[in-house]
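Listed below, chain by chain, are the residues.
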Amino acid sequence: EKGGYDYFMLKEIAEQPKAVADTLLGRIDASGSLTLDEVRIPPGVLREVDKVVIVACGTAFHAGLIAKYAIEHWTRIPCEVELASEFRYRDPILDPQTLVIAISQSGETMDTLMALRHAREQGSKVLAICNTNGSTIPRESDAVLYTHAGPEVAVASTKAFLTQLVACYLVALYLGQVRGTKWGDEIRDVIRDLSHISGAVERVLETMEPVRELARTLADKKTVLFLGRHVGYPVALEGALKLKELAYMHAEGFAAGELKHGPIALIEEDLPVVVVVPSPRGRSVIHDKIVSNIQEIRARGARTIVIAEEGDEAVVPYADHLVRIPATPTLLQPLVATVPLQVFACELATARGNEVDQPRNLAKSVTVE
Ligand code: F6R
């Protein structure tokens with residue numbers, strides 16, 4: 001049932017192009033608009049929304065962090081993202097104009113369920129983004145947008161994460177479409193780009209052998225750091241989480257701009273640092289800043305592992321290892337940039353003799369608070 005792969009995780013990483021395509025299927029019509037009829041919250045209610053709050057745990061929380069960039073950019077609605085386990089204990093400000101989005105692969109995560117119950121008690125509408133048909137979280141929500149990743153067996157989430165991102169982009173674009181923002185043209189372009197994105201995920205998967213080789217050489221390291229900016233920051237957090245749970249290594253993700261406020265003190269000779277570089281097009285200011293961050297850490301001895309778009313030549317002089325990803329619109333880059341980090345963690349876990357599909361101390365769905 002592992003389809004010829006040694007681990008479910010490898011199979012699920014390989015299934016990502018299909019999972020992404022399946023999650024888009026039937027949701028973009030012939031004219032290039034979104035048709036999310038399943039989101040039963042009437043457009044009139046969506047037009048009244050004045051705040052979006054996303055609650056989730058772990059990997060799903062990282063999808064939520066990325067969604068914030070998309071939602072705020074395309075809809076201009078303020079968006080907060082919070083760990084479900086923190087949310088209801090701080091008396092959050094919620095009312096009927098707040099749209100709460102609960103993201104969960106399993107649909108059974110107790111922390112997320114308790115957060116959404118709290119939100120509904122305050123009169124907010126809850127939209128679930130979920131991978132498991134008929135599970136508790138969608139049953140208790142006002143509406144659900146299912147991700148079509150198919151069953152995810154490995155404890156570490158991979159294909160579910162990519163499809164959560166797709167679902168978040170769809171919600172952000174749909175809100176933009178319903179509310180009619182000044183980004184109308186950009187929204188149409190991005191919907192078109194999104195409809196081709198599974199090919200880009202496929203292309204990344206075809207080029208992963210050097211990442212595996214690199215991972216094997218790092219098996220005796222104690223620490224790996226991850227840096228990113230903009231949507232690359234949550235990608236860095238996700239890369240670090242994958243490495244912790246699979247390789248049992250100390251891994252931390254930082255916003256690259258925070259380096260000089262503390263973390264740069266951690267940099268020492270030969271410390272592996274993975275840097276997720278944003279597109280040199282689009283927000284080119286951030287790109288230039290991250291290139292100087294790479295320069296700074298390399299000058300202090302770090303071994304730089306740079307994930308950068310094809311054609312980005314500025315990073316070449318400072319990359320000890322360069323991993324190329326296809327060019328995508330800025331906000332969509334996490335769909336391709338996360339894949340090498342999944343492969344990296346999986347291979348390191350294997351090299352360290354760890355059980356890839358069933359890491360120690362972890363359960364696939366966490367049904368206790
Ligand atoms: C990490 C991982 C966990 C889950 C988290 C939420 O690889 O799998 O961090 O993402 O426990 O689970 P769901 O999405 O089922 O609510």
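Reading the values: the criteria
- Residues numbered from 1 in each chain as written.
- Predicted model: local features only at pLDDT ≥ 70, side-chain atom pairs only at ≥ 80, totals over all residues.
- Heavy atoms only, no water.
- Near = heavy atom within 4 Å.
- Areas by Shrake-Rupley, 256 points an atom, 1.4 Å probe, with all protein chains shown as cover.
- Helix = DSSP H or I, 4+ residues; strand = E, 2+ residues; numbered from the N terminus.
- Nonpolar A, V, L, I, M, F, W, Y, C, P; charged D, E, K, R; others polar.
- Pairing = 2+ DSSP bridges.
- Axes fitted to C-alpha atoms, helices over the stretch in contact; angles between N-to-C directions.
- Phe/Tyr/Trp six-rings, centres within 6.5 Å; stacked < 30°, edge-to-face > 60°.
- Buried < 20%, exposed > 50% of the residue type's maximum accessible area, 1.4 Å probe, protein only.
- Lys NZ or Arg CZ within 6 Å of the ring centre and 35° of its normal.
- Core = buried A, V, L, I, M, F, W, Y, C linked by side-chain atoms within 4.5 Å.
- Contact = heavy atoms within 4.5 Å.
- Parallel < 35°, antiparallel > 145°, perpendicular 65-115°, else oblique.
- Salt bridge = Lys/Arg side-chain N within 4 Å of Asp/Glu carboxyl O.

Asks: What am I meant to see in the site of the ligand here?
Replies: As a matter of local geometry, the ligand sits amid 13 residues, with S104, Q105, S106, T109 and E245 nearest to it. Starting from 410 Å² of accessible surface for the ligand in isolation, the protein chains cover 89%. Those elements that provide at least two residues to the shell around the ligand are α4 (58-75) and α12 (232-247). Here the element with the most residues in the shell around the ligand is α4; it accounts for 3 residues. For the shell around the ligand, a count of residues per class yields 4 nonpolar, 7 polar and 2 charged.

Asks: When you look at the sheet that holds strand β8 (residues 272-276) in this model, what are you seeing that I'm missing?
Replies: Through backbone hydrogen bonds, the strands of a sheet pair up, either in parallel or in antiparallel fashion. One open sheet holds the 5 strands; their spatial order is β7-β6-β8-β9-β10, and the pairing between them is parallel. Of all strands in the sheet, those bounded by a partner on one side alone are β7 (250-255) and β10 (321-325). Strand-to-strand twist in this sheet, taken as the mean axis angle between neighbours without regard to direction, amounts to 20°. Where strand β6 (residues 223-228) and β7 come together, 6 bridges link them in parallel fashion. Along β7, the bridge assignment pairs T223 with H250.

Asks: Hey, could you run me through the packing of aromatic side chains in this one?
Replies: The way to describe two aromatic rings as a pair is by their centre distance and the angle between their planes. Summed over all chains, the structure comprises 1 aromatic pair. The interplanar angle of 65° and the centroid separation of 6.5 Å between the aromatic rings of W74 and Y169 together place this pair among those described as edge-to-face. In this pair, W74 is assigned in helix α4 and Y169 in helix α8 (residues 159-179), connecting sequence segments 95 residues apart. Exposure class is identical for W74 and Y169. Each is buried. Residue placement shows R360 over the ring face of Y248; its charged tip is 3.9 Å from the ring centre.

Asks: I keep staring at the sheet that holds strand β5 (residues 143-146) and nothing clicks. Help me out?
Replies: Strand order across the open sheet formed by 5 strands is β2-β1-β3-β4-β5, with parallel pairing between neighbours. Two strands bound the open sheet, and with one partner strand each, they are β2 (79-83) and β5. Neighbour to neighbour, the strand axes of the sheet diverge by 20° on average, direction disregarded. The pairing of strand β1 (residues 51-56) with β2 spans 5 bridges and is classified as parallel.

Asks: Help me understand the nonpolar core, please; the structure alone is not making it clear to me.
Replies: Most often, soluble globular proteins have nonpolar side chains that are buried together. One finds V52, I101, F226, L243 and F344 to be the most contacted residues of the largest nonpolar core, which totals 96 residues. Here this core takes 14 residues from α8, the largest share from any one element. Among the nonpolar cores identified, the runner-up in size contains 20 residues, and L227, F254, L271 and V306 belong to it.

Asks: Looking at this structure, how should I read the environment of V100?
Replies: Looking at where V100 falls in the secondary structure, it is placed in strand β3 (residues 98-104). Along the chain, V100 and D142 lie 42 residues apart, while their C-alpha atoms are 9.9 Å from each other. Leaving out residues up to four positions away in the same chain, V100 has contacts with V53, V55, L94, A119, S124, K125, V126 and L127.

Asks: What is the right way to look at the side chain of K159 in this model?
Replies: Assignment of secondary structure puts K159 in helix α8. Filtering out sequence-adjacent residues up to four positions away, K159 remains in contact with E12, E15, Q16, A19, A149, G150, P151 and E152.

Asks: Would you explain the packing of helix α2 (residues 16-24) against helix α10 (residues 197-205) in this entry?
Replies: Helix-helix packing is characterised by the crossing angle of the two axes and by the distance between the axes. The N-to-C vectors of α2 and α10 enclose an angle of 170°; their axes lie 8 Å apart at closest approach. The orientation of α2 with respect to α10, classified from their angle, is roughly antiparallel. Only I197, S198, V201, E202 and L205 of α10 make contact with α2, whose side of the interface consists of Q16, P17, V20 and A21. Per-class residue counts for the contact of α2 with α10 are 6 nonpolar, 2 polar and 1 charged.

Asks: Is there a simple way to explain unusual backbone geometry in this structure?
Replies: Excluding glycine, most residues fall at negative phi; most peptide bonds, likewise, are trans. Notably, D91 is not glycine yet its phi reads approximately 55°, a positive angle. Here D91 lies in the loop between α5 (84-87) and β3. Residues other than glycine seldom take positive phi values, yet N361 does so here, at roughly 65°. Summarising the element assignment, N361 is placed in the segment after α14 (334-351).

Asks: Any chance you could explain the pattern of salt bridges here in plain terms?
Replies: As a working rule, side chains carrying opposite charge can pair if their charged atoms are close by. Going through the model one piece at a time under the given rule, you end up with 26 salt bridges. Note that E209 and R212 form a salt bridge whose closest N and O atoms lie 2.9 Å from each other. Of this pair, E209 and R212 both sit in helix α11 (residues 209-217), separated by 3 residues, roughly a single helical turn. According to the relative accessible area criterion, E209 is partly exposed, its value standing at 37%. For R212, a relative accessible area of 23% corresponds to the partly exposed category. Note that E209 is salt-bridged to R216, the shortest N-O span being 3.5 Å. By relative accessible area, R216 is classed as partly exposed at 39%. One connected set of salt bridges, linked through shared partners, spans K51, E80, E82 and R90.

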